[in-house]
Amino acid sequence: MGNGKNAMAAMALCFCSVGAARAADFDHNGSRMDVDYERGAITYRSVKPSLRGFIKPGFVVFAGEIEKGGAVKGTAYIFRKNCEPAPYPVTGRYEASLPGYVLSGAAPVREKGTCRVTGYSIEGGNARLEFVDLSPNESGSASGTATSPNSYSPAPGR
């Protein structure tokens, strides 16, 4: 991995100011998430303990178009400690029976013990992402499009 690639990754992925007035409150596998309809982003508000070593509040897990109570289309990101986030295309929609957004797409598969993406799979937890709406009766904004994903800082010495 070259220095230019690290510098681009470090600059590329920070979505720092999700406004509370625009963001809706969701749960994703025990982490609290903000869904920002105006910017078209789903970001970590608070990170569950098992992810705190490498995922921080504000990291983007999805960037694209989010229709309030409707369709979703864009890019999701998976994370691995000391690795750059791996992007992949996803689509989905709001499922009232959950209630929340369900996104799916062929997720990156990394080589064991490395950051290298070796392929993509529709099997596994990252191929289907669920964001449970914690305030399903709130009204929100229309749709939006995100313009910038997460900041990545490699571990010291990398």
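As the structure is a prediction and not an experimental result, all values here were calculated from the model.

Report on the overall build of the protein, specifying residues and quantitative values.
Along the protein, the regular secondary structure elements total 1 helix and 10 strands. For the protein, the α and β elements follow one another from N to C terminus as α-β-β-β-β-β-β-β-β-β-β. Going through the 158 residues of the protein one by one, you find that 41% of them count as buried.

Tell me about the pattern of salt bridges, residues and numbers included.
Note on pairing: side chains with opposite charge can pair once their charged atoms come close. Summed over the entire model, instances satisfying the criterion amount to 5 salt bridges. Arg32 is the partner of Asp25 in a salt bridge, and the nearest nitrogen-oxygen pair spans 2.1 Å. For Glu111, the salt bridge is made with Arg116, and the minimal N-O distance between the two is 2.9 Å. Taking the relative accessible area as the measure of exposure, Glu111 reaches 32% and is therefore partly exposed. Each member of the salt-bridge network shares a partner with another, and the members are Asp25, Arg32, Asp34 and Arg45.

Before we move on, could you go through the nonpolar core and cite the residues and values that matter?
Grouped together as the largest cluster of nonpolar side chains are 30 residues, with contacts concentrated most on Phe26, Tyr44, Tyr101 and Phe131. When contributions to this core are tallied by element, the ones reaching two or more residues are β1 (23-28), β2 (31-36), β3 (41-46), β4 (60-66), β5 (71-78), β6 (86-95), β7 (100-104) and β10 (128-133). For this core, the leading source of residues is β4, giving 5 residues. If we skip the residues at most four places from it in the chain, Tyr44 touches His28, Ser31, Arg32, Met33, Leu51, Ile55, Lys56, Pro57, Gly58, Phe59, Val61 and Phe79.

Describe in detail the packing of aromatic side chains, supporting the description with residues and values.
In total, this model carries 5 aromatic pairs according to the counting rule given. On the basis of an interplanar angle of 55° and a centroid distance of 6.4 Å, the ring pair of Tyr37 and Tyr101 is categorised as tilted. Of the two residues, Tyr37 sits in the loop between β2 and β3 while Tyr101 sits in strand β7, which places them 64 residues apart along the sequence. Comparing Tyr37 with Tyr101 shows no difference in burial state: the two are buried. With a centroid separation of 5.0 Å and an interplanar angle of 85°, the aromatic rings of Tyr94 and Tyr101 are classed as edge-to-face. No difference in accessibility class separates Tyr94 from Tyr101, as the two residues are buried. Clustering of aromatic rings is evident, with ring pairs tying together Phe26, Tyr37, Tyr94 and Tyr101.

Calculation criteria
Residues numbered from 1 in each chain as written. Predicted model: local features only at pLDDT ≥ 70, side-chain atom pairs only at ≥ 80, totals over all residues. Heavy atoms only, no water. Helix = DSSP H or I, 4+ residues; strand = E, 2+ residues; numbered from the N terminus. Buried < 20%, exposed > 50% of the residue type's maximum accessible area, 1.4 Å probe, protein only. Salt bridge = Lys/Arg side-chain N within 4 Å of Asp/Glu carboxyl O. Core = buried A, V, L, I, M, F, W, Y, C linked by side-chain atoms within 4.5 Å. Contact = heavy atoms within 4.5 Å. Phe/Tyr/Trp six-rings, centres within 6.5 Å; stacked < 30°, edge-to-face > 60°.

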